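Here is what each chain is made of, one letter per residue.
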Amino acid sequence: MDEGAAQRVREFWTASGVNAFACTLVHADARFDEFESVVREIGRWAHRFSVADYLTHCRTANDLDRAFQGGTVGVILRLQSPGCVDHDLERLDLLHHLGVGIFQLTYNTRSLLGDGCAERTDSGLSRLGVAAIKRMNELGMIVDASHCGRATSLDAIALSDRPISFTHTGCRAVFDHPRNKTDDELRALGERDGYVGIYTIPWALTDDDQFGMGPFLDHIDHAVGVAGIGRVGIGTDWGAPSPEFPDALRASLFESIVGGSLQAAGSSRPKPRALGELSSYRQWRQITRGLVSRGYSDDEVRGIIGGNFLQFFRRISGQGDEAAAIAGSARTAAHG
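Rules of the game
Residues numbered from 1 in each chain as written. Predicted model: local features only at pLDDT ≥ 70, side-chain atom pairs only at ≥ 80, totals over all residues. Heavy atoms only, no water. Core = buried A, V, L, I, M, F, W, Y, C linked by side-chain atoms within 4.5 Å. Buried < 20%, exposed > 50% of the residue type's maximum accessible area, 1.4 Å probe, protein only. Helix = DSSP H or I, 4+ residues; strand = E, 2+ residues; numbered from the N terminus. Phe/Tyr/Trp six-rings, centres within 6.5 Å; stacked < 30°, edge-to-face > 60°. Lys NZ or Arg CZ within 6 Å of the ring centre and 35° of its normal. Salt bridge = Lys/Arg side-chain N within 4 Å of Asp/Glu carboxyl O.

J.: Help me out: how do you make sense of the nonpolar core in this one?
T.: General note: in soluble globular proteins, nonpolar side chains tend to be found buried as a group. Formed by 70 residues in total, the largest nonpolar core has its most connected members in Leu95 and Ile220. At seven residues, the largest contribution of residues to this core is made by helix H9 (residues 214–227). Core analysis: the second largest hydrophobic core is formed by 13 residues, Leu64, Tyr195, Leu310 and Ile316 among them.

J.: What should I look at first to understand the packing of aromatic side chains in this one?
T.: Where two aromatic rings form a pair, the distance of their centres and the angle of their planes describe that pair. Under the counting rule described, the total for this entry stands at eight aromatic pairs. With 5.4 Å between their ring centres and 70° between their planes, Tyr195 and Phe309 make a pair best called edge-to-face. Taken together, the residues Tyr195 in strand E7 (residues 195–198) and Phe309 in helix H13 (residues 298–317) connect sequence positions 114 residues apart. On the basis of relative accessibility, which here comes to 17%, the residue Phe309 falls in the buried class. Summarising the aromatic geometry, the rings of Phe309 and Phe312 are spaced 6.3 Å apart at their centres and angled 50° between planes, so their arrangement reads as tilted. Here Phe309 pairs with Phe312, and both are found in helix H13, just three residues apart, close to one helical turn. Above the ring of Phe35, the side-chain terminus of Arg91 is found at 4.3 Å from the ring centroid. The ring of Phe166 carries Lys181 above its face, with NZ or CZ at 4.7 Å from the centroid.

J.: Just checking my understanding: could you explain the pattern of salt bridges for this structure?
T.: Oppositely charged side chains may form a pair once their charged atoms are brought near each other. Going through the model one piece at a time under the given rule, you end up with 20 salt bridges. A salt bridge links Asp53 to Arg10, with the shortest nitrogen-to-oxygen separation between them at 2.6 Å. In this pair, Asp53 is assigned in the loop between helix H2 (34–51) and strand E2 (55–57) and Arg10 in helix H1 (residues 3–16), connecting sequence segments 43 residues apart. By sharing partners, the salt bridges in this structure join Asp93, Lys134, Arg135 and Glu138 into a single network.

Printed below as a string of structure tokens:
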């Protein structure tokens, strides 16, 4: 990246007010098998961390604290597809050593670990999936069931020794979509001290083409009511409609994201559109304003826009219950 482009990226993060995010590792390099492709992508991120002094690779909640105190943007590396592990769970150890903090059990369809939300059947975790969760618990990796089917999600909650997460999802009771979680999933997650991040994907929140932040806030309200105020946060999961995204790549990215799996599960064809007032991460403060308009207190807003995830991350990594530095940054946003 040339110096001018690097400066624009830095300015983008500064303008957004966002000080931490989870980055999904892309493994689409057809020249290599999936595991090698993921490792190469981790290497690319290692290079970015070495040359971009405003980014900090965060493996633990304490790392997020240090990133915030140092004025940098914390980055957690994550995987949404478990295919790179195949049958070899020792690869989880290597991925963890290389800095992957979040690992999803399935994408929309079936993996060797369990069934996805758009699979024809919903049979829960496989024996390998149970073993994978046990290993992730030992390593301190976050178990993510965002794209999992209902039975797989409930299995993961019940069989994990540590709390798990739905890092980016919505509420099925608010809008019936294959990617959204049922109340029994949300309730079980909350009872086991887990975490749910509500996404800003328009077609998974409502079928209304003309809307602003309302549907997104409806999903937040419902998740809070079912899982608990301290268990809910933001998991945007969508950037292609953003004005900052190159026009030439929007169509291809949209097709790769949508694929055919959700349509096969009965979901209507989504449209590439943004979430009303939130068409760019530069508008992040609209979330804060929306939460305030719904009657959430300052402390509750701080939790939803960052603090709740940080505390969940502490529970996973066993790093105590200290004050949340990211909640400090959320405090600034809450009053901005």
